[in-house]
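An overview of the molecular structure
Spelled out, the chains give:
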Amino acid sequence: MKLTEQDLLILEFNSYEDYLNSLIDGKSLQYFGDRENLLSLYRTGYRALTKQAFEAQRSFLQVQKDPLTLFSRNLVPKNEFLKELAARERPNRLGLLSTIIYMRYIRKNTEISGYIDYEDGLKRVHHYQQYSNDWRAIFAGEKVLYPTPVDLLYYNGRTGSSRKNNSRNYQILCDPFRGIIFRNTYDRKDIYLDPTSNYYGTNTSRIEVPSDVYEQVVLYDHVVRKNY
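1. A few points about the overall build of the protein chain
A tally of regular secondary structure across the protein chain gives eight helices and nine strands. Every one of the 228 residues in the protein chain was classed for burial, and the buried ones make up 44%. Within the protein chain, residue pairs in contact and separated by at least 24 positions form 53% of the contacts whose partners lie at least 6 positions apart. Carbon and sulfur atoms provide 46% of the accessible area of the protein chain, an area that totals close to 13,000 Å².

Structure, rendered in structure tokens:
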């Protein structure tokens, strides 16, 4: 995707407030009078992007400009889970490590659980894209990450709905003895999910991360050996 001049202009703003202030000129003040009233109007999305749309679009454009840009850069994660994700962001982007996130999250008295292909989720950032992730807000602790119907595995306790999706990095297999297996599409190694086992696959480790936000969080880290 080739970035337009308008796209590059959005990347120049350091904050949403800088973006809004750039929209104010003499003509707009002549019509609306008070500067603060005009800013309040812009924040609603009138002739401007809302803050959520601005942040999501800026994240998307940063990835298009530099695919290895880190959403966690210059942020200090507020809990252990976000610290673990931040530490894994760069190696996942480089394809050296492939992390699968398992989580159980209670939202409005409903459990949402599933498995997330971390690297795949890092690329799903366009605000027009369904189930996109605002990773800057997630790392800042302003939003919560949870499984969605487009992730590897998804279950919604309220509706009883479940989804299973292969990703660019993983093919989902069902074994009669081992249960669900994720097969890495690059080195063809299998990741086993059984928490009672001490073996999770070749070059794969498992850690459970304590969290006050989630009922349970587990990270499966697979060191990728690409065949080329």
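2. Things to note about the packing of aromatic side chains
Applying the stated criterion across every chain, the model contains 14 aromatic pairs. Taking 5.4 Å as the distance between ring centres and 65 degrees as the angle between the ring planes, the aromatic pair formed by Tyr115 and Phe182 counts as edge-to-face. Residue Tyr115 is found in strand β2 (residues 110–117), and its partner Phe182 is found in strand β6 (residues 179–184); the two are separated by 67 residues along the sequence. Considered together, Tyr115 and Phe182 belong to a single accessibility category, that of buried residues. Aromatic side chains Tyr118 and Trp135 sit 5.6 Å apart centroid to centroid with 65 degrees between the ring planes, which places their arrangement in the edge-to-face category.

3. Some details on the nonpolar core
Formed by 19 residues in total, the largest nonpolar core has its most connected members in Phe81, Leu85, Ile101, Met103, Trp135 and Leu145. Taken together, the elements giving at least two residues each to this core come down to α6 (80–94), β1 (97–107), α7 (118–123), α8 (135–139) and β9 (216–223). Once you skip the residues sitting within four places of it in the chain, Phe81 turns out to touch Ile101, Met103, Leu145, Val209, Tyr214, Val217 and Leu219.

4. Brief notes about the pattern of salt bridges
In this structure the tally under the stated criterion is 13 salt bridges. Ionic pairing is found between Glu84 and Arg88, a salt bridge with its closest N-O pair at 2.5 Å. Note that Glu84 and Arg88 are positioned in helix α6 at a spacing of four residues, about one turn of the helix. Each member of the pair, Glu84 together with Arg88, is buried. Residues Lys123 and Glu119 are paired through a salt bridge, measuring 3.6 Å at the closest nitrogen-oxygen approach. Taken together, the positions of Lys123 and Glu119, both in helix α7 and four residues apart, correspond to about one turn of that helix.

5. Describing the sheet that holds strand β3 (residues 153–156)
The strand order across the open sheet built from six strands is β4-β3-β2-β1-β9-β8, with neighbouring strands paired in antiparallel fashion. Looking at the sheet topology across the chains shown, the edges are occupied by β4 (162–164) and β8 (204–208). Within this sheet the neighbouring strands show an average axis-to-axis angle of 10 degrees, counted without direction. As defined by bridge partners, β2 adjoins β3 across four bridges and the pair is classed as antiparallel. Bridging across to β3, Tyr115 finds its partner in Leu153. Sitting on the sheet, α6 is in contact with β1, β8 and β9, with an inclination near 150 degrees to β1.

6. Points about the sheet that holds strand β5 (residues 170–175)
Two pairing modes exist for strands in a sheet, parallel and antiparallel, and in both the strands are linked by backbone hydrogen bonds. In spatial order, the strands read β5-β6-β7; together these three strands make up an open sheet with antiparallel pairing. Of all the strands in the sheet, the pair left with one neighbour each is β5 and β7 (190–192). Sheet twist, expressed as the mean angle between neighbouring strand axes with direction ignored, is 30 degrees. Two elements, β6 and β7, share three bridges in a ladder whose sense is antiparallel. Bridged to Ile181 within β7 is Tyr192.

7. A word on unusual backbone geometry
Backbone geometry at Asn74 places phi at a positive 65 degrees, although glycine is not the residue there. Looking at the element boundaries, Asn74 is found in the loop between α5 (51–65) and α6. Judged by its relative accessible area of 76%, Asn74 is exposed. Look at Asn203: it is not a glycine, yet its phi comes out positive at around 60 degrees. You can see Asn203 is positioned in the loop between β7 and β8.

8. Description of helix α4 (residues 35–43)
Residue pairs three or four apart in sequence face the same way in an α-helix, which turns once every 3.6 residues. Among all positions of α4, only Leu38, Leu39 and Tyr42 are buried. What you see down the axis of α4 is that its buried residues fit within an arc of 100 degrees, all on one side. Packing partners of the buried residues in α4 comprise α2 (16–22) and α3 (26–32). Just downstream of α4, Gly45 is the residue with a positive phi angle, here 105 degrees.

Rules of the game
- Residues numbered from 1 in each chain as written.
- Predicted model: local features only at pLDDT ≥ 70, side-chain atom pairs only at ≥ 80, totals over all residues.
- Heavy atoms only, no water.
- Helix = DSSP H or I, 4+ residues; strand = E, 2+ residues; numbered from the N terminus.
- Buried < 20%, exposed > 50% of the residue type's maximum accessible area, 1.4 Å probe, protein only.
- Contact = heavy atoms within 4.5 Å.
- Areas by Shrake-Rupley, 256 points an atom, 1.4 Å probe, with all protein chains shown as cover.
- Phe/Tyr/Trp six-rings, centres within 6.5 Å; stacked < 30°, edge-to-face > 60°.
- Core = buried A, V, L, I, M, F, W, Y, C linked by side-chain atoms within 4.5 Å.
- Salt bridge = Lys/Arg side-chain N within 4 Å of Asp/Glu carboxyl O.
- Pairing = 2+ DSSP bridges.
- Axes fitted to C-alpha atoms, helices over the stretch in contact; angles between N-to-C directions.
- Arc of directions from axis to C-beta.

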